[in-house]
Amino acid sequence: MKGIYLDNNATTMVDPKVRELMDPYFCEYYGNPNSLHKYGTTTHQAITEAIDKLYRGINASDEDDIVITSCATESNNWVLKGIYFDLIHNGEKDHIITTEVEHPAIGSTCNFLESLGVKITRLPINANGNISVDQVAEAITDKTALVSIMWANNETGLIFPIEEIGVLCKQKGVLFHTDAVQAIGKIPVDVKLANVDFLSFSAHKFHGPKGIGALYVRKDVALTPLLHGGEHMRGRRSGTLNVPYIIGMGEAMRLAVESLEFEGKEVRRMRDYLENELLAIKDVFVIGSRENRVPNTTLISVRGIEGEAMLWDLNKAGIACSTGSACASEDLEANPVMVAIGADKELAHTAIRISLSRFTTQEEIDTMIEVFKKAVKRLREISSSYAE
């Protein structure tokens, strides 16, 4: 049976157009771009074109830097640890602001920095799953080195008020970083409008290859390198450039931006249709308003059914979803977003994340609805915690 993939917030299929553009750079144009012979220099134009696509994709200025990394986890670590060495280690600052629902790449790094004496403020989300600019304003002190808040939440799809926070940070003279992994390819991302100093992303979340990402750094902002070695990327990030993956990420960015209208209309239409059908089931809840979510994401809870049990039934039918972040999928604790919004203990274990892509079809959504409804009926009949 053909599988149905609805876990696109975990990773996405590489767009065939992306793979086609990458292919020649594995076995034909495979030279090290730092080499002086033709095998190396032949790659230069393609690399430049790919990086130009990244600049255009997030509306970065030529004077800004977009530095290639292995993934957004590396980019996030680099910002936080770089700020530690640049502003905190010397005693100038001692404070970082983030949220309780960041990706583990931020959360775990903040835990590490906290062990070194850094003061970390973790803003709670409200009952709607979001934060306010006022919360950030109240948390900023004259010792705040950095505010790091995700653009869109990886589990709920809720969009945080990044542009307003960016204005606030600029007024207060505090550096601002956003993890935009779940935003790029789903909604417009403009670093100028957002007033960000740093922005992280990963290609595999917008139909590019895994193992490649980038960090946007605003012009004139210093950041101590995370990796030391050669003078790659103008000395900001050492390591031989992964030519085919850079080319793939650039093309994936171009296609993602090109597809934003389709995401906002057709993907949203399918997502809303799916939600309407599932919400018709008794005691089913969706987290967050549709208007303030990226168009592909639903975090849904079914009272009386453990999320892992629902995943089992869906997986048997060839449907891939998740109970939350794939980077923490082996942890069977209650969904952290559900806990953060104040869901009761039982409901906090029932969350299922469904995330579509531009390759999702209406037929797949119809099949998902049918399988989901059957699974709810079966699992509630054997549930010890659910009674009509």
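Our structure's up above, just so we're on the same page.
Residues numbered from 1 in each chain as written. Predicted model: local features only at pLDDT ≥ 70, side-chain atom pairs only at ≥ 80, totals over all residues. Heavy atoms only, no water.

Engineer: What is the right way to read the pattern of salt bridges from this model?
Structural biologist: Opposite charge on two side chains makes pairing possible when the charged atoms of those side chains draw close. Counted according to the given criterion, the structure contains 21 salt bridges. A salt bridge links R218 to D197; the shortest N-O distance between them is 2.7 Å. In this pair, R218 sits in the loop between β8 (213-217) and α10 (243-258) while D197 sits in the loop between α9 (191-194) and β7 (198-202), placing the two residues 21 residues apart along the sequence. (Salt bridge = Lys/Arg side-chain N within 4 Å of Asp/Glu carboxyl O. Helix = DSSP H or I, 4+ residues; strand = E, 2+ residues; numbered from the N terminus.)

Engineer: When you look at helix α6 (residues 104-115) in this model, what are you seeing that I'm missing?
Structural biologist: Think of an α-helix as turning once every 3.6 residues; residues three or four places apart then point the same way. Here α6 is twelve residues long and its end C-alpha atoms lie 16 Å apart, about the 16 Å a rise of 1.5 Å per residue gives. Among the residues of α6, A105, I106, T109, C110 and L113 are the ones counted as buried. Within α6, the buried residues cover an arc of 120 degrees as seen down the axis, which keeps them to one side. Tucked into the core, α6 has its buried residues touching α5 (72-88), β3 (95-99), β4 (119-123), β5 (144-148) and β6 (175-179). Downstream of α6 by one or two residues, G117 has phi in the positive range, about 105 degrees. (Expected span 1.5 Å × (residues − 1). Buried < 20%, exposed > 50% of the residue type's maximum accessible area, 1.4 Å probe, protein only. Arc of directions from axis to C-beta. Contact = heavy atoms within 4.5 Å.)

Engineer: Even after reading the chapter, I still don't get the packing of aromatic side chains, so can you show me in this structure?
Structural biologist: Aromatic ring pairs: the centre-centre distance and the angle between the two ring planes describe each pair. In the structure shown here, the tally under the stated rule is four aromatic pairs. Look at F26 and Y245: their rings are 6.3 Å apart centre to centre, the planes differ by 80 degrees, and that puts the pair in the edge-to-face class. Of this pair, F26 sits in helix α2 (residues 24-27) while Y245 sits in helix α10, and the two are 219 residues apart along the sequence. With a centroid separation of 6.2 Å and an interplanar angle of 50 degrees, the aromatic rings of F201 and F206 are classed as tilted. Judged by relative accessible area, which is 0%, F201 ranks as buried. (Phe/Tyr/Trp six-rings, centres within 6.5 Å; stacked < 30°, edge-to-face > 60°.)

Engineer: I tried to follow the sheet that holds strand β12 (residues 351-355) on my own but got confused; where do I start?
Structural biologist: By definition, the strands of a sheet pair up through backbone hydrogen bonds, in either a parallel or an antiparallel sense. Spatial ordering of the open sheet is given by β9-β10-β12, a layout of three strands whose pairing is antiparallel. Sheet topology places β9 (284-286) and β12 at the edges, where each strand pairs with a single neighbour. Strand-to-strand, the axes of this sheet are offset by a mean angle of 25 degrees, without reference to chain direction. Along the sheet, helix α14 (residues 362-381) makes contact with β9, β10 (297-302) and β12, crossing β10 at roughly 20 degrees. (Pairing = 2+ DSSP bridges. Axes fitted to C-alpha atoms, helices over the stretch in contact; angles between N-to-C directions.)

Engineer: Sorry if this is basic, but what is going on with the sheet that holds β6 here?
Structural biologist: Ordered by their spatial adjacency, seven strands build an open sheet running β2-β8-β7-β6-β5-β3-β4, and the pairing between neighbours is mixed. The sheet terminates laterally at β2 (65-69) and β4, the two strands that pair on one side only. Across the sheet, the axes of successive neighbouring strands diverge by a mean angle of 20 degrees, strand direction being ignored. When β5 meets β6, the two strands line up parallel, connected through three bridges. Within β6, the residue paired with S148 across the bridge is H177. Sheet strands in contact with helix α8 (residues 162-172) are β5 and β6, and its direction is about 160 degrees off that of β6.

None of the figures reported here should be taken as evidence of function without further support.
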